[in-house]
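# Per-entry structural report
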Amino acid sequence: MKTMTFLKILFAAILVAMLVVTIKAGMHENLFNAGRILNEPWVIATLWDAYCGFVTFYVWVAYKEKAFAMRVLWFVLIMCLGNIAMAAYMLIQLFRLSAGATMRELLLRKSEASI
């Protein structure tokens, strides 16, 4: 299986899985009514871990996106939706690539990938 096809399947699966678990959790309990969980040390550690990961991914997004408005939009989406937004961003990037594109073209800015 080609790398880009594998990545499309991977990020589509992540997106679907995150949507399913998020919707299921939301139907079970409102996040804003779950204040008691914020007293749990492992919940706090997990949230810190997740948001540090979101910021790490966002640094790459900010590098890829040239327009300030897109950088702001993706920052808000990633901080609010986490892996849902991250998987969506990856799918957008992957489907924009031409057939036979390389990892270099995926990871670098469009203008730098051709150098």
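Here goes a summary of the coordinates provided. Keep in mind that this is a model prediction, so the values were computed, not measured.

## Describing the packing of helix H2 (residues 41-64) against helix H3 (residues 68-81)
Between H2 and H3, whose axes approach to 10 Å, the crossing angle comes to 160 degrees. Between H2 and H3, the angle falls in the class roughly antiparallel. In this structure, the crossing between H2 and H3 has a hand that is right-handed. Every residue of H3 that contacts H2 at Tyr-51, Phe-54, Val-55, Phe-57, Tyr-58, Val-61 and Ala-62 is listed here: Arg-71, Val-72, Trp-74, Phe-75, Ile-78 and Met-79. A per-class count over the contact of H2 with H3 returns 12 nonpolar, no polar and one charged.

## Considering the environment of Tyr-63
Checked against the element boundaries, Tyr-63 lands in helix H2. Sequence spacing of Tyr-63 and Arg-109 is 46 residues, and the spatial spacing of their C-alpha atoms is 7.4 Å. For Tyr-63, the contacting residues outside a window of four places in its chain are Leu-107, Leu-108, Arg-109 and Glu-112.

## A few points about H2
Turn by turn, an α-helix covers 3.6 residues, leaving residues three or four places apart pointing in a common direction. With 24 residues, H2 should cover 34 Å at 1.5 Å per step; its first-to-last C-alpha distance of 35 Å lies within 8% of that length. Among the residues of H2, Phe-54, Phe-57, Tyr-58, Trp-60, Val-61, Ala-62 and Lys-64 are the ones counted as buried. Those residues of H2 that are buried are in contact with H3, helix H4 (83-96) and helix H5 (103-107).

What counts, and at which threshold
Residues numbered from 1 in each chain as written. Predicted model: local features only at pLDDT ≥ 70, side-chain atom pairs only at ≥ 80, totals over all residues. Heavy atoms only, no water. Axes fitted to C-alpha atoms, helices over the stretch in contact; angles between N-to-C directions. Helix = DSSP H or I, 4+ residues; strand = E, 2+ residues; numbered from the N terminus. Parallel < 35°, antiparallel > 145°, perpendicular 65-115°, else oblique. Left-handed = near helix turned anticlockwise from the far one by under 90°. Contact = heavy atoms within 4.5 Å. Nonpolar A, V, L, I, M, F, W, Y, C, P; charged D, E, K, R; others polar. Expected span 1.5 Å × (residues − 1). Buried < 20%, exposed > 50% of the residue type's maximum accessible area, 1.4 Å probe, protein only.

Worth remembering: the numbers are spatial, not functional.
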